[in-house]
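A structural walkthrough
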Amino acid sequence: MKKLALVAGAVALVGMSGVAAADGYRPRGPYASPVGYSWSGAYFGGHVGGGWGDTDITEDLFIAAAGVPLISATQSHDVSGWLAGVQLGAMKQFGNLVVGAELSFSGADINGSGNDCFGITTFTNGFAGSTCETTVNWMATGLARAGLAWDRVLVYGTVGYAVAGVEHSLKIDIPVGPGVQFNWAQQDVAHGIAYGGGLEFAVTKDVSLGVQYLRANLESDGEGLVLGGAITTGKRDLDIDTVTGRLNIKLGGECCAAAPLK
């Protein structure tokens with residue numbers, strides 16, 4: 001009799017559950033079933049890609065009349081190369097909206113050069129050869145992120161601050177006897193705004209792959225290049241575009257977004 005009562009009770013419970021489900025009832029509380037991927041949580045990862053852009057280098061003579069330099073010369077040339085590094089960030093998802101912040105550091109070799117630097121070759125009627133070179137050795141960023149997620153796909157925009165280690169150099173060749181060469185260089189920490197966007201796809205609950213575009217408008221000033229900055233000051237602007245492939249590993253956080261409770 002006890003077994004019969006248990007069986008009858010189980011059948012009745014199943015029947016009541018079926019009726020409740022048909023009536024639109026869903027269980028409340030922590031047992032709500034997951035319906036999609038959640039981007040909430042901290043993450044770290046790595047990136048690798050390429051960069052390109054241009055630089056404008058301005059030299060002003062120390063001695064000035066009424067605050068206006070007596071001599072001012074500008075050199076422009078393109079740069080290109082590679083960069084690779086690591087990133088660390090965190091995100092929080094609210095419905096389809098995802099917001100967060102990220103820090104990154106990249107080693108780089110983005111360089112370029114231009115001849116007739118500051119018009120020295122033209123000024124000497126071709127007697128002295130002159131070359132300016134720029135090399136970006138590293139770059140770091142602190143960025144805010146905001147985007148929209150559709151399950152495992154995230155599209156986002158980003159904006160923030162960037163700094164970069166940049167070396168500018170000037171070489172002058174004078175064909176006297178066996179030849180005389182002068183070399184001067186300045187190490188700068190350029191800084192400015194960075195902005196861009198990206199696309200990311202969650203391969204598993206812990207691993208995501210993506211691609212990101214970032215533009216950095218950087219500037220620095222200080223001693224000039226001519227004669228090692230003995231009689232000139234310098235202002236150097238650098239605009240860099242980068243595209244990187246990214247891999248992120250999620251550190252905890254939620255696996256999936258819970259179904260809304262009714």
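Preceding block: the structure.
Scope of this entry: the structure provided in the associated data block. (Residues numbered from 1 in each chain as written. Predicted model: local features only at pLDDT ≥ 70, side-chain atom pairs only at ≥ 80, totals over all residues. Heavy atoms only, no water.)

1. Points about the overall build of the protein chain
- A count of helical and extended segments in the protein chain gives two helices and twelve strands.
- Taken from N to C terminus, the helices and strands of the protein chain fall in the order α-β-β-β-β-β-β-α-β-β-β-β-β-β.
- Per-residue burial over the protein chain gives 35% buried out of 262 residues. (Helix = DSSP H or I, 4+ residues; strand = E, 2+ residues; numbered from the N terminus. Buried < 20%, exposed > 50% of the residue type's maximum accessible area, 1.4 Å probe, protein only.)

2. Concerning the sheet that holds strand β7 (residues 129–150)
- Taken in spatial order, the eight strands of this closed barrel run β2-β5-β6-β7-β8-β9-β10-β11, and their pairing is antiparallel. Each neighbouring strand pair of the sheet contributes to a mean axis angle of 15°, computed without reference to strand direction.
- In terms of strand pairing, β7 meets strand β8 (residues 153–174) through 21 bridges, oriented antiparallel. Looking at the pairing, Ser130 lines up with Ile172 of β8. (Pairing = 2+ DSSP bridges. Axes fitted to C-alpha atoms, helices over the stretch in contact; angles between N-to-C directions.)

3. Concerning the nonpolar core
- Grouped together as the largest cluster of nonpolar side chains are 17 residues, with contacts concentrated most on Val136, Leu218 and Leu238.
- Elements with a minimum of two residues in this core: β5 (72–94), β6 (97–115), β7, β8, β9 (180–202), β10 (207–223) and β11 (232–251).
- Ranked by size, the runner-up nonpolar core spans eleven residues in total, among them Ile120, Ala128, Ile172 and Trp184. (Core = buried A, V, L, I, M, F, W, Y, C linked by side-chain atoms within 4.5 Å.)

4. Some details on the state of the cysteines
- Evaluated as defined, the whole model comprises one disulfide.
- The residue that forms a disulfide with Cys117 is Cys132, at a sulfur-sulfur distance of 1.6 Å. With Cys117 in the loop between β6 and α2 (120–123) and Cys132 in strand β7, this pair connects stretches of sequence that are 15 residues apart.
- The class for Cys117 is buried, based on a relative accessible area of 0%.
- Relative accessible area serves as the criterion here: at 0%, Cys132 is assigned to the buried category. (Disulfide = S-S within 2.5 Å.)

5. Some remarks on the environment of Gly224
- When you line up the elements, Gly224 lands in the loop between β10 and β11.
- Taking the relative accessible area as the measure of exposure, Gly224 reaches 0% and is therefore buried.
- For the pair Gly224 and Thr58, spaced 166 residues apart in sequence, the C-alpha separation works out to 8.3 Å.
- Among residues more than four places away in sequence, those in contact with Gly224 are Glu59, Gln186, Gly229, Thr232, Thr233, Gly234 and Arg236. (Contact = heavy atoms within 4.5 Å.)

6. A word on the side chain of Glu102
- Structurally, the position occupied by Glu102 is in strand β6.
- A polar side-chain atom of Glu102 sits 2.6 Å from a polar atom in the side chain of Tyr43.
- Separated by 2.6 Å, the side chains of Glu102 and Arg246 make a polar contact.
- Contact partners of Glu102, with chain neighbours within four places excluded, come to Tyr43, Gln87, Leu88, Gly89, Thr141, Gly142, Leu143, Arg145 and Arg246. (Polar contact = N/O pair within 3.5 Å; in protein donor to acceptor, adjacent residues only side chain to side chain.)

7. Things to note about the packing of aromatic side chains
- Counted under the stated rule, the structure contains three aromatic pairs.
- Between Phe105 and Trp138, the aromatic rings sit 6.0 Å apart at their centres with planes inclined by 20°, giving stacked as the arrangement. Of this pair, Phe105 sits in strand β6 while Trp138 sits in strand β7; the two residues are 33 residues apart in sequence, bridging distant segments of the chain.
- Look at Phe182 and Trp184: their rings are 5.9 Å apart centre to centre, the planes differ by 10°, and that puts the pair in the stacked class.
- Assessed through its relative accessible area of 35%, Phe182 is described here as partly exposed. (Phe/Tyr/Trp six-rings, centres within 6.5 Å; stacked < 30°, edge-to-face > 60°.)

8. Digging into the pattern of salt bridges
- What the rule picks out here adds up to seven salt bridges.
- Salt-bridge contacts for Glu102 lead to Arg246; the nearest nitrogen and oxygen are separated by 2.6 Å. In this pair, Glu102 sits in strand β6 while Arg246 sits in strand β11, placing the two residues 144 residues apart along the sequence. For the pair Glu102 and Arg246, one class covers both residues: buried.
- For Asp206, the salt bridge goes to Lys205, with nearest N and O atoms at 3.1 Å.
- The structure contains a network of salt bridges with shared partners spanning Glu102, Arg145, Glu200 and Arg246. (Salt bridge = Lys/Arg side-chain N within 4 Å of Asp/Glu carboxyl O.)

9. Brief notes about the pairing of β8
- In textbook terms, the turn of a hairpin is the stretch between consecutive antiparallel strands, and for β7 and β8 this stretch comprises two residues, one of which, Asp151, has a positive phi near 55°.
- Strand direction decides the pairing type here: β8 and β9, joined by 22 bridges, are antiparallel. Across the sheet, Tyr156 pairs through a bridge with Gly198, a residue of β9.
- In textbook terms, the turn of a hairpin is the stretch between consecutive antiparallel strands, and for β8 and β9 this stretch comprises five residues, one of which, Gly177, has a positive phi near 60°.

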